[in-house]
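Structural characterization, general
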Amino acid sequence: HFIRQVTNPLFPLPRGTRLIYQGHEDGLPERVVTEVTRDHKTILGVPVVVVLDRVFLNGELIEKTFDWYAQDRDGNVWYFGEDTREFEDGRVVSTEGSFEAGKDGARAGILMWAHPVISQITPQEIAPGVAEDKAKVLDLDATVTVPYGTLHHCLKQAEFTPLEPGALEYKYYCPGIGVVRERDVRGGTANTGLVAVRH
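For the structure given in this document, a descriptive report is provided here. (Residues numbered from 1 in each chain as written. Predicted model: local features only at pLDDT ≥ 70, side-chain atom pairs only at ≥ 80, totals over all residues. Heavy atoms only, no water.)

It is worth spelling out the overall build of the chain at this point. Helix and strand counts for the chain stand at zero helices and 17 strands. A globule of 199 residues ought to have a C-alpha radius of gyration of about 16 Å, and the chain, at 16 Å, matches this closely. For the chain, with 199 residues in total, the buried portion stands at 46%. Put simply, 43% of the contacts in the chain that link residues at least 6 apart link residues at least 24 apart. Carbon and sulfur atoms make up 48% of the accessible area of the chain, which amounts to about 10,300 Å² in all. Here the chain holds 21 positive side-chain charges and 29 negative ones, and the gap between their average locations is 6 Å. (Helix = DSSP H or I, 4+ residues; strand = E, 2+ residues; numbered from the N terminus. Rg over C-alpha atoms; globule rule 2.2 N^0.38 Å. Buried < 20%, exposed > 50% of the residue type's maximum accessible area, 1.4 Å probe, protein only. Contact = heavy atoms within 4.5 Å. Areas by Shrake-Rupley, 256 points an atom, 1.4 Å probe, with all protein chains shown as cover. Lys, Arg positive; Asp, Glu negative; His and termini not counted. Charge placed at Lys NZ, Arg CZ, Asp CG, Glu CD.)

Structure representation (structure tokens):
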């Protein structure tokens, strides 16, 4: 039972919205542009919202990903997969991590519950051997400061995957916006914060 829009307060996806993040990775400036497109796609009979993510490192495009989300009638946001491409010198060098629910044993995971619970561990990506991201809720009332401003009543969670046992990332989701900060805790150096929201 899915609806056509994603309206979960902690992960809303109104079409036409663009979120811009800035930070650094490996000592270089990083810029991430997330755009909720007006594209149409159906997966397993479910119309999904298509989100385009582009990552620029030192001004150069290094990753471009289309993510697919849908929300059920209870308010839970499901993740139906991604089409991801990594670039070097303008050429695609990898599509590792790409999957689509219903193909090759992949299933839809949960990106955000309607009513998250502390210490709850949730499979976000269910594509064995390809994408197995999981998330654990750490805080339901966090305050976080990013270039966009100081935001309250945010959800903080740890995101990790058995495919990279040494990697751990913290993400903050804030009401009415969605993701506002991503920070590698182990296995990486990326640290980005929300700069602007455009509609």
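A word on the pairing of strand S2 (residues 18–25). In terms of strand pairing, S2 meets strand S3 (residues 28–36) through eight bridges, oriented antiparallel. Bridge pairing in S3 places Arg18 opposite Glu35. Hairpin connection of S2 to S3: two residues between the antiparallel strands, including Asp26 at a positive phi of 55°. (Pairing = 2+ DSSP bridges.)

Summed over all chains, the structure comprises six salt bridges. The closest approach of N and O atoms between Arg54 and Glu35, which form a salt bridge, is 3.9 Å. Here Arg54 is found in strand S5 (residues 46–57), whereas its partner Glu35 is found in strand S3, with 19 residues between them in sequence. For Arg54, a relative accessible area of 23% corresponds to the partly exposed category. Classification of Glu35 as partly exposed rests on a relative accessible area of 22%. Among the charged side chains, a network of salt bridges with common partners joins Arg18, Glu35 and Arg54. (Salt bridge = Lys/Arg side-chain N within 4 Å of Asp/Glu carboxyl O.)

Shape descriptors only; they carry no functional weight alone.
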